[in-house]
Amino acid sequence: MADLKEQIVAQLNLQDVKPQDIGNDEPLFKDGLGLDSIDALELIVLLQQEYKIKLSNAEEGPKVFHSVRTMAEYITAHQPSNA
Amino acid sequence: MSKEYYITSSCTISNNSIHKNGVLLFEEKGKELNNFLISAYKNMGLNYPKFYKMDNLSRLGWLGTELLLKDSFNKDSYRPEETGIVLSNRNSSFDTDTRYFETTRAIPSPALFVYTLPNIVIGEISIRHNFKGEHAFFIFEDFDAAFIQEYVEGLLNNSILEACICGWVEVLGNEYKAFLLLVEKKGSMAFTTENIHKIYYQNNG
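Here is what the cut-offs are and how they apply
Starting afresh in each chain, residues are numbered from 1 along the sequence in its written order. Written order decides the labels, with chains lettered from A and ligands numbered from 1. Totals for whole chains, interfaces and linings use every residue, but because this is a predicted model, local features are given only for residues with pLDDT of at least 70 and side-chain atom pairs only at 80 or more, for both listing and counting. Derived side-chain values reflect all non-hydrogen atoms in the structure, with water molecules and hydrogen atoms excluded from consideration. Two cysteine sulfur atoms make up a disulfide if the distance between them is within 2.5 Å. Burial status follows relative accessibility: with a 1.4 Å probe on protein chains alone, a residue under 20% of its type maximum counts as buried, one over 50% as exposed, and anything between as partly exposed. Secondary structure follows DSSP: runs of H or I at least 4 residues long count as helices, runs of E at least 2 residues long count as strands, and numbering of each begins at the N terminus. Contact between two residues is taken to exist if any of their heavy atoms lie within 4.5 Å; hydrogens are not considered. Pairs of N or O atoms within 3.5 Å make up the polar contacts considered here, provided that, within protein, one atom can donate a hydrogen while the other can accept it, and that residues adjacent in sequence are counted only when both atoms are side-chain atoms.

Participant: Before we move on, can you summarise the state of the cysteines with the specific residues and values?
Facilitator: All names here are of chain B. For the structure shown, the criterion picks out zero disulfides over all chains. We note that Cys11 lacks a disulfide partner, and the nearest cysteine sulfur, in Cys166, lies 13 Å from it. Judged by its relative accessible area of 1%, Cys11 is buried.

Next up, the structure:
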């Protein structure tokens, strides 16, 4: 999850946020990290660029991007097999 | 009949320096625009995390307006609809358009795409200060003081606005200039083309 936090900070240009300051279960939107709808699109790009995962169902977004932990779980579950 | 309006504040950002009302506020030579703007933002003790996400055109206009209004503008004197913004430049949002185009070779960047219009800078300023007045962004080869004076005076004359931020916010690569004026109905320096020219050329041309 540490790598994912670093990727989020870099992708979203969060220059005031240190990756280690983002809680695993802290909400990424609204009261938590305060991300907005454009950030949500950037997170979708991040999944595609870094993990080759395409979010096929937009309605999954709020659940997948709730926190770093939910993102990490989604990545683990949908990581394309290297075999 | 035309009434008289006044320039109550001015801010110029160019050549890695920032002047407000002719006084040097900040200077840092040798830095690229991106780093200079972030450095100025930090140095001024501003706190608006969205600044980091803006493109350079919006950063320049947003920072210029922030300093233009600081200690010079009483927002409570006006309703949100009474303050307008009229800006102009030469290259529209071309600086960001080209950077966005580069990203389309792989996965297009949504964060860059939202800045591929020049009037987004007006949106960023309006969100920050809750301005809801008339606004416009014009593209000219060079800064046209006479046009800006006439256009803004028209808005003020017709009681559409009580105050107006106006000027020039231009970025293309490391070539840039922000020149911003606050125009109100009370003050001492008349809002004339001559005075606009005078201030425009006062700090670093």
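Further notes follow.
Participant: Can you lay out helix α5 (residues 120-129) of chain B for me, pointing to particular residues and giving the numbers?
Facilitator: Residue and element names in this part refer to chain B. Where α5 is concerned, the buried positions are Val121, Ile122, Glu124, Ile125, Ser126 and His129. Packing partners of the buried residues in α5 comprise α2 (56-69), β4 (83-89) and β5 (135-139). Two residues or fewer after α5 comes Asn130, characterised by a positive phi angle close to 60°.

Participant: Can you tell me about the side chain of Glu66 of chain B, naming the residues and giving the values?
Facilitator: Residue and element names in this part refer to chain B. Following the sequence through the fold, Glu66 ends up in helix α2. Residue Glu66 is classed as buried on the basis of its relative accessible area, which comes to 9%. Here Arg128 takes part through its side chain, which lies 2.5 Å from a polar atom of the side chain of Glu66. Excluding its chain neighbours within four sequence positions, the residues that come into contact with Glu66 are Leu46, Arg128 and His129.

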